[in-house]
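Listed below, chain by chain, are the residues.
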Amino acid sequence: MARLTVNGVARDVDVEPDTPLLWVIREQLGLTGTKYGCGVAACGACTVMVDGEALRSCSLPVSAFNEKQKIVTIEALSPDGSHPLQKAWAALDVPQCGYCQSGQLMAAAALLAKTPKPSDAEIEAAMTNICRCGTYNRIRDGIKQAAGIAI
Ligand code: FES
Ligand code: FES
């Protein structure tokens, strides 16, 4: 049994302690916007924010979390989809297949929360998520547009 606070709501989940947070989010809580890619913390498809940090939920057991920590998934990046990154993603048509993009957005949101006007180097250092469609240039432009930096 674990008690987590996900998207502002405290939830009890009946799982083994070593269950990865990703599967709790997807299977117990039904929040399927967070994706499974590699399962070994390499691709970032499963990225969520925990207390403002971008974490790869496939490789962290649910026992590593408690209800005081604020876990945020793509479903609650903003209450109504109006986060500046979501607006920029739509304006610039960032996604291709879209599979990696919820993880990309959560990583980008964590970056902008800490570094509101990131340099190219800071974007490159923070955005290590893999996109098989190769949308990297548009992701960088989307982050800059959301941050109010000239593209
Ligand atoms: S699925 Fe978690 S990093 Fe790839
Ligand atoms: S948009 Fe297809 S994997 Fe990134």
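Cut-offs applied
Residues numbered from 1 in each chain as written. Chains lettered and ligands numbered in written order. Predicted model: local features only at pLDDT ≥ 70, side-chain atom pairs only at ≥ 80, totals over all residues. Heavy atoms only, no water. Helix = DSSP H or I, 4+ residues; strand = E, 2+ residues; numbered from the N terminus. Polar contact = N/O pair within 3.5 Å; in protein donor to acceptor, adjacent residues only side chain to side chain. Contact = heavy atoms within 4.5 Å. Pairing = 2+ DSSP bridges. Axes fitted to C-alpha atoms, helices over the stretch in contact; angles between N-to-C directions. Parallel < 35°, antiparallel > 145°, perpendicular 65-115°, else oblique. Left-handed = near helix turned anticlockwise from the far one by under 90°. Buried < 20%, exposed > 50% of the residue type's maximum accessible area, 1.4 Å probe, protein only. Arc of directions from axis to C-beta. Core = buried A, V, L, I, M, F, W, Y, C linked by side-chain atoms within 4.5 Å.

## Here we look at the side chain of Asn129
Its location among the elements puts Asn129 in the loop between helix H4 (120-126) and helix H5 (136-147). Of note is the side chain of Asn129, whose polar atom sits 3.2 Å from the backbone oxygen of Gly44. Of the polar contacts made by the side chain of Asn129, one reaches the side chain of Arg56; its length is 3.0 Å. In this view, Asn129 contacts Cys43, Gly44, Thr47, Arg56, Gly103, Gln104, Ala107 and Tyr136; residues no more than four positions away in its chain are not counted.

## Some points on the sheet that holds strand S4 (residues 53-56)
Strand order in the open sheet formed by five strands is S2-S1-S5-S3-S4, and the pairing between neighbours is mixed. Across the chains shown, the open sheet's two edge strands, defined by having one partner strand only, are strand S2 (9-13) and S4. Adjacent strand axes in the sheet meet at a mean angle of 40°, parallel and antiparallel pairs treated alike. Looking at chain direction, strand S1 (residues 2-6) and S2 are connected through five bridges and run antiparallel. What sits directly across from Val6, in S2, is Val9. The strands touched by helix H3 (residues 101-114) are strand S3 (47-50), S4 and strand S5 (70-72); relative to S3, the strand with the most contacts, the crossing angle is about 35°.

## Re the packing of helix H2 (residues 84-91) against H5
For any two helices packed against each other, the geometry is given by the interaxial angle and the distance between the axes. Viewed as axis vectors pointing N to C, H2 and H5 meet at an angle of 130°, and their least axial separation amounts to 8 Å. By the criterion of interaxial angle, the relationship of H2 to H5 is oblique. For H2 against H5, the interelement crossing comes out right-handed. On the side of H2, the interface is formed by Pro84, Leu85, Ala88, Trp89 and Ala91, while H5 contributes Ile139, Gly142, Ile143, Gln145 and Ala146.

## Points about H2
Along H2, the positions that sit buried rather than exposed are Leu85, Gln86, Ala88 and Trp89. Down the axis of H2, the smallest arc covering the buried residues is 165°, so these residues share one side. Residues of H2 that are exposed and point over 90 degrees away from its buried face: Lys87, Ala90 and Ala91. Once H2 ends, the next one or two residues include Asp93, with phi positive near 50°.

## Digging into the nonpolar core
Leu77, Leu85, Trp89, Met127 and Ile143 are the most contacted members of the largest nonpolar core, which totals 19 residues. Of all the elements, H3 adds the most residues to this core, at eight residues. Discounting chain neighbours no more than four positions away, the residues touching Trp89 are Val94, Pro95, Gln101, Gln104, Leu105, Ala108, Ile139, Gly142 and Ile143. Membership of the second largest hydrophobic core comes to 15 residues, among which are Val15, Ile25, Leu29 and Ile71.

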